[in-house]
Amino acid sequence: MVKYSATSLLTCFHTASRVQPPSKRHGLHQQECLSEVEELGLEQCTSWPALQLRWKMSMDVTFLGTGAAYPSPTRGASAVVLRCEGECWLFDCGEGTQTQLMKSQLKAGRITKIFITHLHGDHIFGLPGLLCTISLQSSCTVSRQPIEIFGPVGLRDFIWRTMELSHTELVFPYVVHELVPTADQCPTEALKELAQVHPADGPPKEGRGRTILLDPEEDSYLLVDDEQFVVKAFRLFHRIPAFGFSVMEKKRPGKLNAQKLKDLGVPPGPAYGKLKNGISIVLENGVTISPQEVLKKPVSGRKICILGDCSGVVGDGGVKLCFEADLLIHEATLDDAQMDKAKEHGHSTPWMAATFAKLCHAKRLVLTHFSQRYKPAALAKEGEADSIVELKRQAESVSDRQEVTLAEDFMVISVPMKK
């Protein structure tokens, strides 16, 4: 195994910082780098993979589009990006999303996963164009992992027919995983039998995706379960079946107890790295030291929840998955005075969003998907009837210690690590 000294690790840090400036949102701080080196054993740090993992610890959410129905000069159509360092996950892709991406600090080529809440145009019309742009900007000689796309049944057919009719050939692979909704997610007359594209008929670059059914015990859909995250979907009620997504960061091992390591006679160096990574060690005297003996309590991961258009949650899955969310992103299309109209069209108001956030004990509520009549606060004229600030007041009147934020295009919210 290659060993890295503190000096060489700092050299790596400085090299990386020339590619990505070490800012609070975008990279690994020098002090964080030093702390990792010191914890793992100063000059004998062997856990470079653990240090690399630190690059993924910075997390933020960027709102590319916060408007309902259509893109306007003041609000783009629905699109949110969750970034965990270099990797970006896109939630919804309304018309004009690729243009919004170009205006932001994000790069379309960094998108590895796309999650679609429902199949209304203001949430999916930007997807074919974005895929084409990513393809045009990609090198056909450089292999990359497939872009994974998650969404309701019918999404695969939408992408396939768009690619076929436009004679589009993507240079990168992608795979579509479809969620099968239940009959109680929309009015009966709106539930349609959607065409299924047979894998053999699909584009050559499309991989075989999964058909994901509701887990009745958990009342949710398991989408992703890797070393760092668990992503699940839950059911929402809208004019057509819609979903919300819960992104849960897995617990991180607790810090090493330096005093206990010293008392047990564990020498600084590779042994620290092994224990930190959950591997038991055997000392020269034959005594076995397990990670549980020297690690402090695991650190809870962060949780981001993003709801699509809805007038309510179906079942208990949404409340369970959003419980104690660090960031809950909820639509508030119309103000509370128009609640009947909002419900009639399958939408929410600030009161409805804040009530759900309070039920879930969410730490911070972000309202988005505003009717285009609500201009951003900076553009609102004094005395204007449709005041975006009033929506915030309506939500705050319900919230129980939850911070309420009005989303604006290009707003970036950082989600700090828990300690």
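Moving on: the overall build of the protein chain. Helix and strand counts for the protein chain come out as 14 helices and 19 strands. The 419 residues of the protein chain split such that 51% are buried. Counted over contacts in the protein chain with a minimum sequence separation of 6, partners at least 24 positions apart contribute 68%.

At their nearest, the axes of helix α6 (residues 127–136) and helix α7 (residues 155–165) sit 10 Å apart, and the two run at 60 degrees to each other. Judged by the angle between their axes, α6 and α7 are oblique. In this structure, α6 meets α7 at a crossing whose hand is right-handed. Of the residues in α7, those in contact with Leu 127, Pro 128, Leu 131 and Cys 132 of α6 are Leu 155, Phe 158, Ile 159, Thr 162 and Met 163.

The next subject is empty space enclosed by the protein. As enumerated under the stated definition, the model contains 1 cavity of 30 Å³ or more in all. Each pocket or cavity is described by its volume, and for the largest cavity that value is around 140 Å³. Here the residues of the lining of the largest cavity sort into 6 nonpolar, 8 polar and 3 charged.

Let us look at the confidence of the model for the protein chain. When pLDDT is averaged along the protein chain, the result is 85; 82% of the residues meet or exceed 70. Contacts of residues 1–55 to residues separated by more than four positions or lying in other chains number 88 contacts, the stretch itself having pLDDT below 50.

Moving on, we come to the nonpolar core. The biggest cluster of nonpolar side chains holds 31 residues, and the ones touching the most others in it are Leu 307, Cys 322, Leu 328, Leu 365, Leu 367 and Phe 370. Only β10 (229–237), β11 (242–249), β14 (303–307), α11 (317–322), α13 (350–360), β17 (364–368), α14 (388–396) and β18 (403–406) provide two or more residues apiece to this core. Ignoring sequence-local partners within four residues, the contact set of Leu 328 consists of Cys 305, Leu 307, Cys 322, Phe 356, Ala 357, Ala 362, Arg 364, Leu 365 and Val 366.

Reading the values: the criteria
Residues numbered from 1 in each chain as written. Predicted model: local features only at pLDDT ≥ 70, side-chain atom pairs only at ≥ 80, totals over all residues. Heavy atoms only, no water. Helix = DSSP H or I, 4+ residues; strand = E, 2+ residues; numbered from the N terminus. Buried < 20%, exposed > 50% of the residue type's maximum accessible area, 1.4 Å probe, protein only. Contact = heavy atoms within 4.5 Å. Axes fitted to C-alpha atoms, helices over the stretch in contact; angles between N-to-C directions. Parallel < 35°, antiparallel > 145°, perpendicular 65-115°, else oblique. Left-handed = near helix turned anticlockwise from the far one by under 90°. 1 Å grid on protein atoms, 1.4 Å probe; cavity = no way out; pocket = protein on both sides within 12 Å on 5 of 7 lines; lining within 4 Å. Points joined across faces, edges and corners; volume = space filled by probe spheres on them. Nonpolar A, V, L, I, M, F, W, Y, C, P; charged D, E, K, R; others polar. pLDDT = per-residue confidence, 0-100. Core = buried A, V, L, I, M, F, W, Y, C linked by side-chain atoms within 4.5 Å.

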